[in-house]
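Here is how the chains run, residue by residue.
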Amino acid sequence: MTAQHQSAVAPSHSTELSRDLGLFDITMVGVAAMIGAGIFVLTGIAAGQAGPALIVAFALNGIVTLLTAMVYAELGSAIPEAGGGYLWVRQGLPGGNAFMAGWMSWFAHAVAGSLYALGFAAYLVETLALIGVLGPVAGGELVQLGGMTIALPVLEKTLAVAIALLFIYINFRGASETGMAGNIITVGKIAIIGVFIVSGLAVIFGDPQRLGQFVPLAPNGLTGIFGAMGLTFIAYEGYEIIVQTGEEVKDPRRNIPKAVFLALLIVVPIYMLVAFVCIGAVHAPDGTASWQFLGNAGELGLLRAAEQFMPLGSVLLLVGALFSTMSALNATTYSSTRVSFAMGRDRNLPDMFGAVHPRTRTPYLALVLSGALIIGMAVLIPEINDVAAAADIMFLLLFGQVNIAVITIRRKYGDKLAYGYLTPFFPYLPIIAIVLQLALAVVLFLNVSPTAGVVTAIWLAIGLAIHHFYASKREREEEVTPVLVEERLKMDHERFSVLVPVSNPATVDNLLAVARNILDTEPGDLILLHVITVPDQLPVSVGRDFIADARPILDETARKAEALGMTPNTLVRVGHRPADAIIDTVEEHDCNFVVMGWRGKASDPRTIVGSNIDNIVKESNANVVVLRGDVELPARRILVPIQHPQHGHLMAGLAASVATESGAYIELVHVVSEELTPQERAERAAELRESLSALDLEPGEGEAGEADSEGRSKRRFRIRIETGDVVPTIVGRSGDFDLLLMGASRESWIRRKVWGDKTFRIATQVDCPLVLVNLRGGKLKFNVSQFFQFFWDTEEEPTP
Amino acid sequence: MSLKNLQDAGVLLPKEEWGVHDLHTSVNKPRLLASLALGLASVVMMYLGSGSALTFVGAGLFLIFMVWITHISIRAINVQSAQFRQEREAAHLEDAPLPGETTFDD
């Protein structure tokens, strides 16, 4: 930005974000996160799964990771915020996805912490044995410690709990206290891995016969390779840390995506080289294959390898592993705390998660609960590979969500963001990534660790339950438009109800007439709603100042409703958008009908009746009746296009309710395909006629029906089965009528995309007065439609 | 979530710049396809080699693939950056603040 421009836009008291990190810095952040505890703890376990094909597993993981890394490069460059994946899912996916992303992220980071705590414990036991503090007891899993005999698994779990408690305390004191140590550890562990690789390569090239240890390459077949891929996937997730630094990076649009790719370029070959030297340079003393030897050593596999060919191998590897697992445990304790803290602040979890300690300024309750999760999983999940698999499954699902989110974010906000990188072959590469990640999660569950699958399934089920019964309600409390005045509302929510939003005195008569006729056919409650709107810049509390303005129109409408024999319930809400207030009222009172006016012009060209009504139709599961401003009721000649015969009863009933009491004529037009046989057409007509049998209508052409006992002519109806194009047929017939009453039930998005919305085309072409009716569907259908609508819709512009 | 959230986060482009930028990737697609083909082929070679020399040739090719795809991606980032600048200049918006260059109130 130029200085001139900056001075023009910046207020006098302003500060710029400190952007200190360059490309090298953030690349190293990513490398440090990936060349961490994973390589020390997981290499041996994964070698036991894949055999020498561990090298193939690491390569394939590199490809899978690259696909998601592209997505991270794109989103990290455009939305460089500390929230990373969780934030993007909040932006890009509807409903409970953000909650589940946070819930999974919390678990994934916490269980990764459990993995590193257990890994630390295993390496500490080895260290204690090396320095003679711990003595072996022959013939079992027992060790001597200070004169006590103790079971090795118990000792390891105890040490894991102890180190987890230590890091909970360190994080409580403040993460900055470990910053310098973290930098030293990073440099140290990369150096140790470097020495390990060079030593191993020297052994292999000194004795090329050792390459024979790669035969057979995949003793456990593809299943073993895929299992190892799933187990070690967590090792490559460090690129997530790069995008988390976004707010402190110089030129983030260029540097973040570059760092993501450069970090992978460094890390993937290092993992492959580690696998190569582990398999090639190790000589199993018990005569087994080197991969079996490593697999049997489990989380200590790398140590056992280093003992054989690396100078000071035991000491260096133990030091490297202890510091790596400690730094990783520190990072995951911090990150899991941060996720749960953010969820507390976002009202997804109880407020106590968002509490900050007055002295240390750390989110101490989130920390304690995250620590409890880390310790609980370390203790409860029996084997370390189950712990790793549980964290892996959760990260795979989380990355899957991010891959979906990138598709929606590009569609909804694409041209409004400054991208530094755009994923190629979009959206196919993200979709392929999703499929591969789901496949890996399934392989982990089925072939590697059913225990991990069950644990993660239980965690997800708990998350869904919490969201359904708790978080979704808290989210709604946050978003709902407040009610300012509520009068006479002693309603039974189970009872039938009609909501009439009132804003224009000129249209209330028609709205009340329709409402009364609906309530005549189905007795229930009438709710009159007036919405006070305030601009986005102002808090909704400002709306209280305008209650007095709302009174006259609401009182006048209530008087008119009483004159029509109804007992109205009145409600005043305040919000930034009228549609939100109406939708909130429909949801709170479970309204069956919304009857509203429309001035007759859509300011938003993408909608039939303007974005307000369009949003109400889409987002509230109620029957919505919309009366255009030119409607005069009651009408004498009404044309009713019927899309589905099963809607005939409701549509004809509605038409009857807005028709003159005497001598009205209602024509139901059902346009069918020309391919329908005469017999099929007759069946459709019979079905429609059957649906009208309960209504007080008389079949026949014209307006003068048979007179009743009071001398009034009965309302007549006719059913026409037409063939051809729906739009011109209805537009052509509408010229002879006083009113067109048309269903606006939504077509599938594919049909709308290809053919355009029929309702839209008819509504914009007819000249006669128009009433639009949107019939509500079943709850499941509505929820499914809401979900897909989210992906289809683009965003409205925010108020400047 | 909405545009307002992105606006509050300071990551939205200025309104006059909406729709100005091309959303087609600047990645060279034929080269990317070729590199991905090399990557997959190298993994297949590693696997089919069954521990023979072919496996190690495949591993070597995979390392070449990693270098190549990184080169393609970084080149695309540079092209994207230049293209972004050109699009701003064409729309006479080169002096407008970008997300990340804005200042924030105390």
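Model, not experiment: these values are computed from the prediction.

Basis of the calculations
Residues numbered from 1 in each chain as written. Chains lettered and ligands numbered in written order. Predicted model: local features only at pLDDT ≥ 70, side-chain atom pairs only at ≥ 80, totals over all residues. Heavy atoms only, no water. Helix = DSSP H or I, 4+ residues; strand = E, 2+ residues; numbered from the N terminus. Buried < 20%, exposed > 50% of the residue type's maximum accessible area, 1.4 Å probe, protein only. Contact = heavy atoms within 4.5 Å. Areas by Shrake-Rupley, 256 points an atom, 1.4 Å probe, with all protein chains shown as cover. pLDDT = per-residue confidence, 0-100. Pairing = 2+ DSSP bridges. Axes fitted to C-alpha atoms, helices over the stretch in contact; angles between N-to-C directions. Arc of directions from axis to C-beta. Salt bridge = Lys/Arg side-chain N within 4 Å of Asp/Glu carboxyl O. Core = buried A, V, L, I, M, F, W, Y, C linked by side-chain atoms within 4.5 Å. Phe/Tyr/Trp six-rings, centres within 6.5 Å; stacked < 30°, edge-to-face > 60°.

Counting its regular elements, chain B contains three helices and one strand. Listing every helix and strand of chain B by position from the N terminus yields α-α-α-β. The proportion of buried residues among the 106 residues of chain B is 43%. Restricting to contacts in chain B with at least 6 residues of sequence separation, those with at least 24 account for 63%. For chain B, the computed accessible surface area is about 5100 Å², with 60% contributed by carbon and sulfur atoms.

Attention now moves to the confidence of the model for chain A. Close reading of the predicted structure is inappropriate where its pLDDT is low. All names here are of chain A. Mean pLDDT over chain A works out to 81, with 83% of the residues at or above the 70 mark. Ignoring residues within four places in sequence, the model shows residues 1-17, a span with pLDDT below 50, making 24 contacts including any to other chains. The low-confidence segment residues 748-756, where pLDDT is below 50, has 12 contacts with residues more than four positions distant or belonging to other chains.

All names here are of chain A. The three strands lie next to each other as β2-β3-β4, forming an open sheet whose pairing is antiparallel. What marks the edges here is a single partner per strand, and that holds for β2 (134-136) and β4 (148-151). Neighbour-to-neighbour, the strand axes of the sheet open up by a mean angle of 35°, direction not taken into account. Relative to strand β3 (residues 142-145), β2 runs antiparallel, the two being bridged by three bridges. Residue Gly135 lies in a different strand from β3, and its bridge partner there is Gln144. Contacting β2, β3 and β4, helix α7 (residues 152-173) crosses the sheet at an angle of about 85° to β4.

Time to look at the side chain of Thr27 of chain A. Residue position: Thr27 of chain A is located in helix α2 (residues 23-34). When residues no more than four places from it in sequence are discounted, the contact partners of Thr27 of chain A are Ala259, Leu262, Ala263 and Ile266 of chain A.

Moving on: helix α25 (residues 726-734) of chain A. Residue and element names in this part refer to chain A. When we look at burial in α25, the residues that qualify are Val727, Thr729, Ile730, Arg733 and Ser734. The buried residues of α25 all sit within an arc of 170° when viewed along its axis, so they share a single face. Lining the buried residues of α25 we find β11 (637-641), β12 (665-672), β14 (716-723), β15 (739-743) and α27 (758-765).

This part takes up the pattern of salt bridges. Residue and element names in this part refer to chain A. The full count for this structure, using the stated rule, is 14 salt bridges over all chains. With a closest N to O distance of 3.0 Å, Asp415 and Lys416 form a salt bridge. Across the pair Arg720 and Glu667 runs a salt bridge, and its minimum N-O distance is 3.7 Å. In this pair, Arg720 is assigned in strand β14 and Glu667 in strand β12, connecting sequence segments 53 residues apart. Judged by its relative accessible area of 0%, Glu667 is buried. One connected set of salt bridges, linked through shared partners, spans Glu667, Arg720, Glu722 and Arg733.

Residues and elements named next belong to chain B. Topologically, Ala91 is positioned in the loop between α3 (53-90) and β1 (104-105). The exposure class of Ala91 is partly exposed, given its relative accessible area of 29%. Taking C-alpha positions, Ala91 is 9.1 Å from Glu16, a pair spaced 75 residues apart along the chain.

Judged by nonpolar contacts, the single largest core of 193 residues is most densely connected at Phe196 and Leu417 of chain A together with Phe62 of chain B. Counting residues per element, this core draws most heavily on helix α6 (residues 97-130) of chain A, at 22 residues. Contact partners of Leu417 of chain A, with chain neighbours within four places excluded, come to Ala78, Ile79 and Ile409 of chain A together with Leu6, Val11, Leu12 and Leu13 of chain B. Of all hydrophobic cores here, the second largest spans 54 residues; its members include Phe496, Leu654, Leu668 and Val771 of chain A.

With that out of the way, let us pick up unusual backbone geometry. All names here are of chain A. Cis geometry is found at the peptide bond from Val215 to Pro216, where omega equals -5°. Inspection of the secondary structure puts Pro216 in the loop between α8 (179-206) and α9 (221-232). Residues Phe426 and Pro427 are joined by a peptide bond in cis, for which omega reads 0°. Structurally, Pro427 can be placed in the loop between α16 (384-413) and α17 (428-448). The backbone of Asp251 shows a phi angle near 45°, a positive value even though the residue is not glycine. Within the element layout of this structure, Asp251 appears in the loop between α10 (239-244) and α11 (252-281). Given a relative accessible area of 36%, Asp251 falls into the partly exposed group. Phi is positive for Leu312, which is not a glycine, with a value near 55°.

Residues and elements named next belong to chain A. Summed over the entire model, instances satisfying the criterion amount to 22 aromatic pairs over all chains. For the pair Tyr236 and Tyr271, a centre-to-centre distance of 5.2 Å together with 85° between the ring planes defines the contact as edge-to-face. Here Tyr271 lies in helix α11 and Tyr236 lies in the loop between α9 and α10, a separation of 35 residues in the sequence. Looking at Tyr236, the relative accessible area reads 1%, which means it is buried. For Tyr271, a relative accessible area of 1% puts it in the buried group. A centroid spacing of 6.1 Å and a plane angle of 55° characterise the contact between Phe496 and Phe593, whose relative ring orientation is tilted. Here Phe593 lies in strand β9 (residues 593-598) and Phe496 lies in the loop between β5 (483-487) and β6 (497-501), a separation of 97 residues in the sequence. In this structure, Phe496 and Phe593 share a single accessibility class: buried. The rings of Tyr72, Trp88, Phe233, Tyr239, Phe395 and Phe399 are connected pair by pair, giving a single aromatic cluster.

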